[in-house]
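In case you want the letters, here they are:
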Amino acid sequence: MDSFRVLVVDDEEDFLETLVNRLQKRSIDTVGVKSGEEAVQNVKGKLFDVILLDIKMPGGMDGIEALREIKKIQPLAEVILLTGHASIETSIEGMKLGAFDYLLKPVKLEELLTKMAQAFEKKDAHDQKIRKARLKELMRFPGRVFDHEKEDK
Amino acid sequence: MKTSLYISLQRKMMFITSLVSLAPILILGGTIFYQFSQMYREKIEEQIEYRARTQAEALDLFLKERTAILAAMADTHSFQYMSEGKHLSEIFEVMNRRAGAFVDLGIIDSAGQHLAYVGPYDLVGLNYYQQPWFGEVVSKGIYISDVYLGYRRLPHFIIAVRRQENQNTWILRATIDPDIFGNIVRAGRAGKTGDAYIINKEGIFQTDRRFGSGILTSSDLDPSRFGSRTTIIEKRNGLGENRLYAGTWLENGKWLSVISQEITEEMSGLFATRNAVIAIIVCGILAIVATTFITTRLTLNRFREADKKLNELNAQLVQSDKLAALGKMAAGVAHEINNPLAVILQKTGWMEDLLTEEEFQGSKNLKEYITSVKKIEEHVDRARKVVHGMLGYARRMEPKLEDVDVNQVIVQTISLLDYVARLRNIRIQTELAQDMPVTASDQAQLQQVFFNLITNAIDAIEKDGWVRITTRKDDSNIQVDIEDNGPGMSDDIQKRVFDPFFTTKEPGKGTGLGLWVTYNIMEKMGGHVTVKSRKGEGTTFSVNIPMVVPQKK
């Protein structure tokens, strides 16, 4: 499995810290933040492949709102929703908003890794398709390579 | 328990209904009868008064005629002429021929000496000077006596007139035939009990009467109670009969003509009417009472049935409410528990991760650590299952409708469990209805229901036995019975099997959520699941699935 970048968003500090530790121990590039707002800030500055997002968070922005914002900034990042509650309806709403899947807490790391791998594969496939499309485009119009670079910046 | 309540209610209803329906009938009946009897009474009195008046008129006329003819004879003949017996006989004959009812005739001079006489008795030479009537006739001119015995010892009365001839005063006196007079009086007797007679001012009978002692005896009537016109009084006589007495004073002012009648005879028509009225009222009352009784009973029976149904419904509602409230609470609790569980799981996972590091590998208790951590994970997993079980029912909010063949769902479910059952020597038999329709329902949820129930049955039997699954349908429902020959349940346990976390299994073997989830799935589907069990004989769970015609797509 290729190394991929993961953002974990959860207000439960103990959970967040431990999960980040465990993922990092498995050489996964992981960042953990405690709120929806922080997640949005991070997404603006850095590209992530997979985002683990807790739905129910106290404070201003809950998971669904954060998801909406994140998808605006990084439409290709795959989001896995984490829910500890009977709020399955919100999970389904999240799926409609473009989340990859949802998982019920408590979840075993193995299960989580499998799901993340699937999400990453999907994202990767998606990326590759885009890359191929661009490649074709560049073959046809080599001059556009500069536009592309501008776009990236 | 509530029987006494119903009986008192029944009594009240019957009492009030009877009162309201009987009171008008009785008041109406009473009023009409009272008015009717008043009218009847007035009629009778009118009639008897009329009879009394005509009777008195007839008697008056009789006496007036006799007096007039007597006076005319006295006026038209001289004392000299009359004193001769031959002439007196002639006059007597003329009088009897023209008017009749004269028994005898006599001439009395001013000294009271009876000078001449025609008649059956030998009365010539008697002196009447001392008699009280003699004085009266001399002073008043005309005199009608009371009935008296006189010299001849027979009840009779006389009429006498005085004649003034020059200086000479004489008296013409005649005896009236009491039989003829009596016949006129008797003509007034009507009906079986009617009577007519005459009494004088002292209440002495002047004529005989129909019943009881007769002439010259004293009457129990008080003549002073009769006024100038015809007067009617009601009196109970010596024989205990109520009688009406109509009395009219005759013109001589001495005699009272009385017509009497027994009331009951006159009123017999009224009594017949009264009996008819009473019969009608009694029939009416009986009909009303019977109707009241029947309708009250009918109404109360309806009440009782409705009450029973209401109670059953209430019991169901209470169960549903209880479970719904517990469901909400369970969902809330699950929510609060899942987060700590997630942390614990991550922490133990982290510990496992760390234990793989070199510094721990040499530790002598490494194995203990690993086992402990595994145990913690195992128990977190157990808790997770319970919590997810609780959420299992909340998870599917909307059952999705698809075309479902219930028989097929059962067969599929059995195939999942067949292996487990065979290991424990339990046979799963099926009696599936052949004509089972396809219904619109949620296949996955139905499968979960059957899975739960069959698993429970197998767990209850433990070893060696059978489970029988029967399906059948009626007009609007599909019924599935899952019967086992396990140990059965006591009534206490039956009441609680659908409560969440209620389990008879050993700790750790069951969550106590299976039947609760089953119950809720069926309620949401619009059906229900019920249990029947007898200790030592087995248990039957009945699932009732409402039949929904699949929509054409």
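Rules behind the numbers
- Residues numbered from 1 in each chain as written.
- Chains lettered and ligands numbered in written order.
- Predicted model: local features only at pLDDT ≥ 70, side-chain atom pairs only at ≥ 80, totals over all residues.
- Heavy atoms only, no water.
- Helix = DSSP H or I, 4+ residues; strand = E, 2+ residues; numbered from the N terminus.
- Buried < 20%, exposed > 50% of the residue type's maximum accessible area, 1.4 Å probe, protein only.
- Contact = heavy atoms within 4.5 Å.
- Areas by Shrake-Rupley, 256 points an atom, 1.4 Å probe, with all protein chains shown as cover.
- Buried area = accessible area lost by both parts, 1.4 Å probe.
- Salt bridge = Lys/Arg side-chain N within 4 Å of Asp/Glu carboxyl O.
- Nonpolar A, V, L, I, M, F, W, Y, C, P; charged D, E, K, R; others polar.
- 1 Å grid on protein atoms, 1.4 Å probe; cavity = no way out; pocket = protein on both sides within 12 Å on 5 of 7 lines; lining within 4 Å.
- Points joined across faces, edges and corners; volume = space filled by probe spheres on them.
- Phe/Tyr/Trp six-rings, centres within 6.5 Å; stacked < 30°, edge-to-face > 60°.
- Lys NZ or Arg CZ within 6 Å of the ring centre and 35° of its normal.
- Core = buried A, V, L, I, M, F, W, Y, C linked by side-chain atoms within 4.5 Å.
- Pairing = 2+ DSSP bridges.
- Right-handed = clockwise from strand over helix to strand, strands pointing away.
- Expected span 1.5 Å × (residues − 1).
- pLDDT = per-residue confidence, 0-100.
- Axes fitted to C-alpha atoms, helices over the stretch in contact; angles between N-to-C directions.

1. Considering the overall build of chain A
Item 1. For chain A, the count of helices and strands is 6 helices and 5 strands.
Item 2. Its helices and strands taken in sequence order, chain A reads β-α-β-α-β-α-β-α-β-α-α from the N to the C terminus.
Item 3. By the burial criterion, 44% of the 153 residues in chain A qualify as buried.
Item 4. When contacts within chain A are restricted to residue pairs at least 6 apart in sequence, those whose partners lie at least 24 apart make up 59%.
Item 5. Accessible surface for chain A amounts to roughly 8200 Å². Of this, 51% is attributable to carbon and sulfur atoms.

2. Some details on the overall build of chain B
Item 1. A tally of helices and strands in chain B yields 13 helices and 16 strands.
Item 2. Burial status across chain B gives 40% buried among its 553 residues.
Item 3. The contacts of chain B with a sequence gap of at least 6 include a subset with a gap of at least 24, amounting to 61%.
Item 4. As displayed, chain B has an accessible area near 30700 Å², and 56% of this comes from carbon and sulfur atoms.

3. What about the interface of chain B and chain A?
Item 1. Across the contact, 24 residues belong to chain B and 21 residues belong to chain A.
Item 2. Summed over both sides, the interface between chain B and chain A buries roughly 2100 Å², with carbon and sulfur atoms accounting for 61% of that surface.
Item 3. One salt bridge connects A:K25 with B:E357, and the closest N-O pair in it is separated by 2.5 Å.
Item 4. Among the secondary structure elements, those contributing two or more residues to the side of chain B that touches chain A are α7 (268–355) and α9 (366–395) of chain B.
Item 5. Examining the composition of the side of chain B that touches chain A, we find that 15 residues originate from one element, α7(B), more than from any other.
Item 6. Of the residues contributing to the side of chain B that touches chain A, the split by class is 11 nonpolar, 7 polar and 6 charged.

4. Re the environment of B:D122
Item 1. Counting through the fold element by element, B:D122 comes out in the loop between β2 (114–118) and α4 (132–140).
Item 2. Separated by 30 residues in the primary sequence, B:D122 and B:R152 place their C-alpha atoms 9.4 Å from one another.

5. Focus: empty space enclosed by the protein
Residues and elements named next belong to chain B.
Item 1. Evaluated as defined, the whole model comprises 2 cavities of 30 Å³ or more.
Item 2. Estimated volume of the largest cavity: approximately 80 Å³.
Item 3. In terms of lining residues, the largest cavity is bounded by L123, Y128, Q131, W133, Y148, G150, Y151, R152, H156 and R173.
Item 4. Grouping the amino acids of the lining of the largest cavity by side-chain chemistry returns 5 nonpolar, 3 polar and 2 charged.

6. Focus: the side chain of B:N544
All names here are of chain B.
Item 1. Residue position: N544 is located in strand β16 (residues 538–546).
Item 2. Of the residues examined, N544 reaches a relative accessible area of 13% and is grouped as buried.
Item 3. Apart from residues lying up to four places away in sequence, N544 is in contact with N477, I478, Q479, M522, G527 and H528.

7. As for the environment of B:L250
Residue and element names in this part refer to chain B.
Item 1. Residue placement: L250 occurs in the loop between β8 (242–249) and β9 (255–262).
Item 2. A relative accessible area of 3% places L250 in the buried class.
Item 3. In this structure the C-alpha to C-alpha distance between L250 and L59, which are 191 residues apart in sequence, comes to 7.6 Å.
Item 4. Residue contacts for L250: discarding those within four places in its chain leaves A56, L59, D60, L63, I198, W255 and S257.

8. With respect to the packing of aromatic side chains
How two aromatic rings sit relative to each other is set out by the distance from centre to centre and by the angle between their planes.
Item 1. Under the counting rule described, the total for this entry stands at 14 aromatic pairs over all chains.
Item 2. Their ring planes at 40° and their centres at 6.1 Å tell us that B:F36 and B:Y40 sit as a pair that is tilted. On the criterion of helical spacing, the pair formed by B:F36 and B:Y40 is a turn pair, its members being 4 residues apart in helix α1 (residues 3–76).
Item 3. On the basis of an interplanar angle of 75° and a centroid distance of 6.4 Å, the ring pair of B:W133 and B:F134 is categorised as edge-to-face. In this structure, B:W133 and B:F134 share a single accessibility class: buried.
Item 4. An aromatic cluster is built from B:Y128, B:Y129, B:W133, B:F134 and B:Y143, whose rings are joined through pairwise contacts.
Item 5. A cation sits over an aromatic face here: A:K105 above A:F15, 4.8 Å from the ring centre.

9. A look at the nonpolar core
Residue and element names in this part refer to chain B.
Item 1. Residues L70, L105, F157, L172, F181 and W255 are the most contacted members of the largest nonpolar core, which totals 44 residues.
Item 2. When residues of this core are assigned to their parent elements, the largest contribution, 11 residues, is made by α1.
Item 3. In contact with F181, not counting residues within four places along its chain, are L59, F62, L63, F157, I176, I198, T207 and W255.
Item 4. If you look at the next biggest cluster of nonpolar residues, it comprises 42 residues, including I426, F502, I521 and M522.

10. Side note on the pairing of strand β4 (residues 78–83) of chain A
Residues and elements named next belong to chain A.
Item 1. By the criterion of burial, β4 is predominantly enclosed, with 6 of the 6 residues buried.
Item 2. Side chains of β4 alternate between two faces, with E78, I80 and L82 and V79, L81 and T83 buried alike.
Item 3. Sheet topology places strand β3 (residues 50–54) next to β4; 5 bridges connect them, and they run parallel. Counterpart to D54 in the pairing with β4 is L82.
Item 4. The parallel pair β3 and β4 is bridged by helix α3 (residues 63–73), and the resulting crossover is right-handed.
Item 5. Here 4 bridges tie β4 to strand β5 (residues 101–104), and the two strands are oriented parallel to one another. Within β5, the residue paired with L81 across the bridge is Y102.

11. Remarks on helix α1 (residues 13–25) of chain A
Residue and element names in this part refer to chain A.
Item 1. Taking 1.5 Å per residue as the helical rise, α1 with its 13 residues ought to reach 18 Å, and the 18 Å between its terminal C-alpha atoms agrees with that figure.
Item 2. Every buried residue of α1 is accounted for by F15, L16, T18, L19, V20, R22 and L23.
Item 3. Trailing α1 by a residue or two, S27 shows a phi angle of about 60°, which is positive.

12. Here's the deal with the confidence of the model for chain B
All names here are of chain B.
Item 1. Taken over all residues, the pLDDT of chain B has a mean of 84, while the share at 70 or more is 96%.
Item 2. Here residues 393–397 is a poorly scored stretch, pLDDT under 50, and it has 14 contacts once near neighbours within four places are set aside; other chains count.
Item 3. With a pTM of 0.46, the predicted complex shows an ipTM of 0.81.

13. Concerning the sheet that holds strand β7 (residues 231–236) of chain B
Residues and elements named next belong to chain B.
Item 1. Strand order in the open sheet formed by 4 strands is β6-β9-β8-β7, with antiparallel pairing between adjacent strands. At either end of the open sheet lies a strand with only one pairing partner, and these are β6 (195–200) and β7. Neighbour to neighbour, the strand axes of the sheet diverge by 30° on average, direction disregarded.
Item 2. Pairing between β7 and β8: 6 bridges, direction antiparallel. By the bridge assignment, T231 is partnered in β8 with G247.
Item 3. With respect to the sheet, α1 is in contact with β6, β7, β8 and β9, its orientation differing from that of β9 by roughly 145°.

14. Comments concerning the pattern of salt bridges
Residues and elements named next belong to chain B.
Item 1. This model, assessed by the stated rule, comprises 33 salt bridges over all chains.
Item 2. Across the salt bridge formed by R186 and D208, the nearest N and O atoms sit 3.1 Å from each other. Placement of R186 in helix α5 (residues 178–186) and of D208 in the loop between β6 and β7 is noted, with a sequence separation of 22 residues between them.
Item 3. By relative accessible area, which is 32% here, D208 ends up partly exposed.
Item 4. A salt bridge links E377 to K374; its shortest N-O distance comes to 4.0 Å. Separated by 3 residues within a single helix, E377 and K374 lie in helix α9, roughly one turn from each other.
Item 5. What makes E377 buried here is its relative accessible area of 13%.
Item 6. Where salt bridges share partners, they join R186, R189, D195 and D208 into one cluster.

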